[in-house]
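Spelled out from the first residue to the last, the chains are:
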Amino acid sequence: MTLIGSLYARVSKFRQQAKHRMNAARVPGCPSSTRIYGLIDRRGGGEVRIGENCLILGLLVTEAEGSRISVGNNVFIGSNTVLECHGSITIEDDVQLSYECTLLETDSHSQSMNMREGDLGKHMRGDQHDWGIVASKPIVIKRGAWIGTRTIILKGVTIGEGAIVGAGSVVTKDVPPHTLVAGNPACFIKNLA
């Protein structure tokens, strides 16, 4: 390896370690065996809990004081994956959430045009978003589930234990344990047991 290559590798490693330390500081009680290279964004307060032996490369967002993201042990959350949470998102142990997935447990805005008219202006002024006017239901991903690349999981969905969601799927309803689903909207493909 050249001197420049060696220097570049050292600087890259230092940057990665610094990024992890900064993000881990945003998660009280973050275990030393967990690595957070993504971003923890506690916009409106809220709580983020992450278990042991996790690798977090994505973005975890809590939107309000009562928001709660709970990540179990041995969980992988891929790059450019976004968990946006107003209420609660629970990811149990041994889950793999691939790259560029989106979990939205809220509609983010009112379905009424008149109610959402001023939303952008509020954000531009730094005012708080009125979360009381939007629908929100918890998302739960059970132990051992595997969520494929670019999957979208919408509010109120539970992904069953050991289930697999195929890449590019849009999940709008619960997925039974030990099944494979795929498509838009995601539908049953086969049993895995």
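About the thresholds
- Residue positions are counted from 1 within each chain, in the order its sequence is given.
- Residues qualify for local features only when their pLDDT is at least 70, as the model is predicted, and side-chain atom pairs are given and counted only at 80 or more; totals for whole chains, interfaces and linings, by contrast, use all residues.
- Only hydrogens and water are set aside when side-chain values are computed; all heavy atoms of the structure are taken into account.
- By nonpolar core is meant a set of buried Ala, Val, Leu, Ile, Met, Phe, Trp, Tyr and Cys residues that side-chain atoms within 4.5 Å join together.
- Exposed residues in this analysis have more than 50% of their type's maximum accessible area, buried residues have under 20%, and partly exposed residues fall in between, with area computed by a 1.4 Å probe over protein chains only.
- Numbering of helices and strands runs from the N terminus; a helix is a DSSP stretch of H or I covering at least four residues, while a strand is a stretch of E covering at least two.
- Residues count as neighbours in contact if any of their non-hydrogen atoms are within 4.5 Å of one another.
- Working definition: a ring pair exists when centres of Phe, Tyr or Trp rings (six-membered ring for Trp) sit within 6.5 Å. Plane angles under 30 degrees give stacked, over 60 give edge-to-face, the rest tilted.
- Strands are treated as partners if at least two bridges between them are detected by DSSP.

### Brief notes about the nonpolar core
Logical step 1: Counting 34 residues, the largest nonpolar core has Ile50, Leu60, Ile141 and Ile159 as its most contacted members.
Logical step 2: Secondary structure elements with two or more residues in this core: strand S3 (47-50), strand S6 (68-71), strand S8 (82-85), strand S9 (88-91) and strand S12 (139-141).
Logical step 3: Among residues more than four places away in sequence, those in contact with Ile50 are Val27, Pro31, Thr34, Ile36, Ile40, Ile56, Leu60 and Val71.

### Remarks on the packing of aromatic side chains
Logical step 1: Enumeration according to the criterion identifies one aromatic pair in this entry.
Logical step 2: With centroids separated by 5.8 Å and ring planes inclined at 70°, the aromatic side chains of Phe76 and Tyr99 adopt a geometry described as edge-to-face. Placement of the pair is Phe76 in strand S7 (residues 76-77) and Tyr99 in the loop between strand S10 (96-97) and strand S11 (102-104), with a sequence separation of 23 residues.
Logical step 3: Given a relative accessible area of 39%, Tyr99 falls into the partly exposed group.

### So, the sheet that holds strand S5 (residues 59-62)
Logical step 1: In space, the six strands of this open sheet follow the order S2-S5-S8-S11-S14-S17, with parallel pairing throughout. Taken across any chain shown, the strands that pair with only one partner, and hence form the sheet edges, are strand S2 (39-42) and strand S17 (170-171).
Logical step 2: Where S5 lies against S8, four bridges are found, and the strand directions are parallel. Of the residues in S8, the one forming a bridge with Thr62 is Cys85.

Remember, this is a structural readout, not a statement about activity or role.
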